[in-house]
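# Reading the structure
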Amino acid sequence: MPRVNIFTLIHKGLRTLLYETASCLQQTDFTHDAETEAALDHLREALFLFEEHARHEDMHILPAVAAYEPSVADCFGQEHDTDAQLAAELSATADTFFLLPDAAARTEAGTALNVAFAEFVVFNLKHMACEERLLNELLWRYYSDTEILAIQQRIVLSQEPWTADLYWRWMLQGNNHPDTLRWFRAVAALAPAAVLEQLLRKAATVLPPTRAVALHQALAAAPVAA
Ligand SMILES: [Fe+2]
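Thresholds applied
- Residue indices begin from 1 for each chain and proceed along its sequence in written order.
- In view of the model being predicted, local features appear only for residues whose pLDDT reaches at least 70, and side-chain atom pairs are presented and counted only at 80 or more, with totals across whole chains, interfaces and linings using the full set of residues.
- Hydrogens and water molecules were not included; the side-chain quantities draw on all heavy atoms of the structure.
- In DSSP terms, a helix is any run of H or I states spanning at least four residues, a strand is any run of E spanning at least two, and both are numbered starting from the N terminus.
- Two things to know: the radius of gyration comes from C-alpha atoms, and the globule rule equals 2.2 Å times the number of residues to the power 0.38.
- Partly exposed describes any residue whose relative accessible area lies between the buried limit of under 20% and the exposed limit of over 50%, with all areas from a 1.4 Å probe on protein chains only and scaled to the type maximum.
- UniProt positions are given in the numbering used here, feature names are shortened, and annotations may be inferred rather than shown by experiment.
- For this analysis, a nonpolar core means a set of buried residues of the types Ala, Val, Leu, Ile, Met, Phe, Trp, Tyr and Cys, connected via side-chain atoms within 4.5 Å.
- Note that the domain bounds were set by an automatic or database domain assignment.
- Throughout, a contact is declared for two residues whenever any of their heavy atoms are within 4.5 Å.
- Here the quantity called buried area is the accessible surface, traced with a 1.4 Å probe, that two parts lose on coming together, added over both.
- Take a side-chain nitrogen of Lys or Arg and a carboxyl oxygen of Asp or Glu: if they are within 4 Å of each other, that pair is a salt bridge.
- Think of it this way: a Phe, Tyr or Trp ring, Trp meaning its six-membered ring, pairs with another when their centres are within 6.5 Å, and the plane angle makes it stacked under 30 degrees, edge-to-face over 60, tilted otherwise.
- When two cysteine sulfur atoms lie within 2.5 Å, the pair is treated as a disulfide.
- Multiplying one less than the number of residues by 1.5 Å gives the expected span of a helix.

Across its full length, the protein carries 9 helices and 0 strands. Ordered by position from the N terminus, the helices and strands of the protein form the series α-α-α-α-α-α-α-α-α. Relative to a compact globule of 226 residues, whose C-alpha radius of gyration would be 17 Å, the protein shows 19 Å and is just as compact. Considering only C-alpha atoms, the protein reaches an extent of 60 × 45 × 25 Å along its principal axes. Scored against the burial criterion, the 226 residues of the protein give a buried share of 42%.

Below you can see the structure in the form of structure tokens.
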């Protein structure tokens, strides 16, 4: 029986966010104001959601690991500090971009921003893969699936609705049908009906129509996992 993996849904969403942001930055003409503003907004959303994600892990997951393996928890906490430093540099670039004097300076800064974001992508891809390997191994060793799901539930309940809405978009875009169906069934089992309705409305705007219909049909046939 596979163990509960609380990283799957969110990390697949966050990886999709990284890929799409990198692609957007690569396609941006940084001498064009509207394109640049849209790309910088995309970048700010990515930085915000990664910062929030690290904060949730620091508050809810690393303490659970630290109870048994403090040095491992400390190591991941330090990686979050490094990540925050990379994000702060990217954020400062975004916030000062329109102070640049001319097209040549903007083009040069856009190129540098692409390189810096690629470093952020590489760091986070490695970091998330490491978490899925090492943190899962420790969570599975020291906690039951019920206890791990309780940690996840505390994270979900600590999110502001508007922040959750941002994560939902990327989780919907980044996950396949079986993972999404498991997620929606868990929401149906644990959350008020209004939350599932919100999630279904979001799915209708994000997923291709065939995926959204398949989700509705599967939920109608079996709203909660057997
Ligand atoms: Fe992390």
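Still more to cover.
Below, the discussion takes up the UniProt feature "domain: Hemerythrin-like" (unreviewed entry) in the protein. The UniProt record annotates "domain: Hemerythrin-like" (unreviewed entry) at residues 5–137. Across residues 5–137 one finds 87% helix and 0% strand; the C-alpha atoms that close the span lie 10 Å apart.

The biggest cluster of nonpolar side chains holds 43 residues, and the ones touching the most others in it are Leu14, Leu43, Phe117, Phe120, Trp183 and Phe184. Among the secondary structure elements, those contributing two or more residues to this core are helix 1 (8–27), helix 2 (33–66), helix 3 (70–96), helix 4 (103–142), helix 6 (161–174), helix 7 (177–190), helix 8 (193–206) and helix 9 (209–221). A total of 7 residues in this core trace back to one element, the largest contributor, which is helix 2. Counting residues domain by domain, this core receives three or more from each of domain 1 (8–159) and domain 2 (176–226). Among residues more than four places away in sequence, those in contact with Leu14 are Leu49, Phe50, His53, Met128 and Tyr167. Formed by 17 residues, the second largest nonpolar core is a distinct cluster that contains Leu62, Leu135, Tyr143 and Ile148.

Before going further, it helps to spend a moment on the domain arrangement of the protein. One can read the domain layout of the protein as domain 1 (8–159) and domain 2 (176–226). With 4 residues of domain 1 in contact, the opposing surface of domain 2 contributes 4 residues. Both faces combined, the contact of domain 1 with domain 2 buries some 310 Å², and carbon together with sulfur accounts for 58% of it. Looking only at domain 1, the three residues that lose the most surface to domain 2 are Leu9, Lys12 and Gln153, adding up to 91% of its buried area. For the pair domain 1 and domain 2, the number of links is 1 salt bridge. Two residues, Lys12 and Asp179, come together in a salt bridge whose shortest N-O distance is 2.8 Å.

Right, let's get into the side chain of Thr16. Checked against the element boundaries, Thr16 lands in helix 1. Non-local contacts of Thr16, meaning those with residues more than four positions away in its chain, are made with Trp170, Gln173 and Gly174.

This brings us to the packing of aromatic side chains. For the coordinates displayed, the defined rule picks out 8 aromatic pairs. Judged by centre distance (6.1 Å) and plane angle (80°), the rings of Phe97 and Phe98 are edge-to-face. Overall, the relative accessible area of 1% leaves Phe97 in the buried class.

A few words now on the state of the cysteines. Under the definition given, this model contains 0 disulfides. Cysteine Cys130 shares no disulfide, and the gap to the nearest cysteine sulfur, in Cys75, comes to 7.1 Å.

The next thing to look at is the environment of Lys202. Its place among the elements puts Lys202 in helix 8. Lys202 gets classed as buried once you look at its relative accessible area, which sits at 17%. Considering only alpha carbons, one finds Lys202 and Ala22, 180 residues apart in sequence, at a separation of 24 Å.

Further remarks concern the environment of Met128. Here Met128 lies in helix 4. Residue contacts for Met128: discarding those within four places in its chain leaves His11, Leu14, Arg15, Leu18 and Phe50.

What follows deals with helix 1. The end-to-end C-alpha separation of helix 1 is 29 Å, in line with the 28 Å expected for 20 residues at 1.5 Å each. Looking only at helix 1, the buried set comprises Leu9, Ile10, His11, Gly13, Leu14, Arg15, Thr16, Leu17, Leu18, Thr21 and Leu25. Of the surrounding elements, those touching the buried residues of helix 1 are helix 2, helix 4, helix 6 and helix 7.

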